[in-house]
Amino acid sequence: MFCLKILIFYMFFIIIIYFNVKKKYFFYKRFLNEFVKNGKLTSTKQIVDNTFISVSKKLNLPPHLVFVKFFLRLNCSVESRSIQLGRKIHHVPFSITSKRRLHLIARWVHEIIAKDFRKISLSEKLFFELLEILTLKHSKTRNKRKMNLDQASLNRANSHFRW
């Protein structure tokens, strides 16, 4: 049953990413835009593409499947937001859309890579982070996702403040 759910998720993301004619490559473009600096889209695109290709060679998977697996491993459906009522601030869990999920995933990866002060290139930092995420090893990005889910579950009693 669990394998069937995973298969359905894979098919869902493949359909969204590759067969949506109106928003062609929407997830890829959103992820790419998080890394663009000073408007240099072509150099950023080359770095990200080469990184995904090298990860796909390392894992013996096609690049599009690596991309889908990457987003499925970091997928999160709940986010905790701060709402102020009177003088008190409450952290309230909200369900989030697929656009917001993508934004959170890209932002988490970008923050982790920006905080990495090793003297290696951006592509190598991204390569190591993607490899850790996809091989289910200890990853800082997965810790960010876990902290987000923990924060939402700790504050689930405040869900009545959404309205």
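Read on for an overview of the structure. Given the structure is predicted, the values throughout are model-derived calculations rather than measurements.

Definitions and limits used
Residues numbered from 1 in each chain as written. Predicted model: local features only at pLDDT ≥ 70, side-chain atom pairs only at ≥ 80, totals over all residues. Heavy atoms only, no water. Helix = DSSP H or I, 4+ residues; strand = E, 2+ residues; numbered from the N terminus. Buried < 20%, exposed > 50% of the residue type's maximum accessible area, 1.4 Å probe, protein only. Axes fitted to C-alpha atoms, helices over the stretch in contact; angles between N-to-C directions. Parallel < 35°, antiparallel > 145°, perpendicular 65-115°, else oblique. Left-handed = near helix turned anticlockwise from the far one by under 90°. Contact = heavy atoms within 4.5 Å. Phe/Tyr/Trp six-rings, centres within 6.5 Å; stacked < 30°, edge-to-face > 60°.

In this section: the environment of Cys76. Relative to the elements of secondary structure, Cys76 occurs in the loop between helix H4 (63-73) and strand E1 (78-85). When its relative accessible area of 4% is taken as the criterion, Cys76 is described as buried. For Cys76 and Leu104, which are 28 residues apart along the polypeptide, the C-alpha to C-alpha distance reads 8.6 Å.

Next up on the list: the packing of helix H3 (residues 41-59) against helix H6 (residues 122-134). Each pair of packed helices can be summarised by the angle the axes make with each other and by the distance between the axes. Across the interface, H3 lies against H6 with an axial gap of 9 Å and an inter-helix angle of 40°. If you check the angle between H3 and H6, you find them oblique. H6 is crossed by H3, and the crossing has right-handed handedness. In this structure, H3 uses Ile47, Val48, Thr51, Phe52, Ser54, Val55, Lys58 and Leu59 to contact H6, whose residues at the interface are Leu122, Ser123, Leu126, Phe127, Leu130, Leu131 and Leu134.

Going through the model one piece at a time under the given rule, you end up with 10 aromatic pairs. Aromatic side chains Phe31 and Phe35 sit 5.1 Å apart centroid to centroid with 65° between the ring planes, which places their arrangement in the edge-to-face category. Of the two residues, Phe31 and Phe35 both sit in helix H2 (residues 26-35), four residues apart, roughly one turn of that helix. Both residues of the pair, Phe31 and Phe35, belong to the buried class. For the ring pair Phe127 and Phe128, a centre distance of 5.5 Å and an interplane angle of 65° mean the geometry is edge-to-face. Phe127 sits in the buried class, given a relative accessible area of 18%. Among the residues examined, Phe128 registers a relative accessible area of 38% and is labelled partly exposed. Each member of the aromatic cluster is reached from another via a ring pair, and the members are Phe31, Phe35, Phe52, Phe67, Phe70 and Phe71.

Fair warning: the whole summary comes from geometry, so function is off the table for now.
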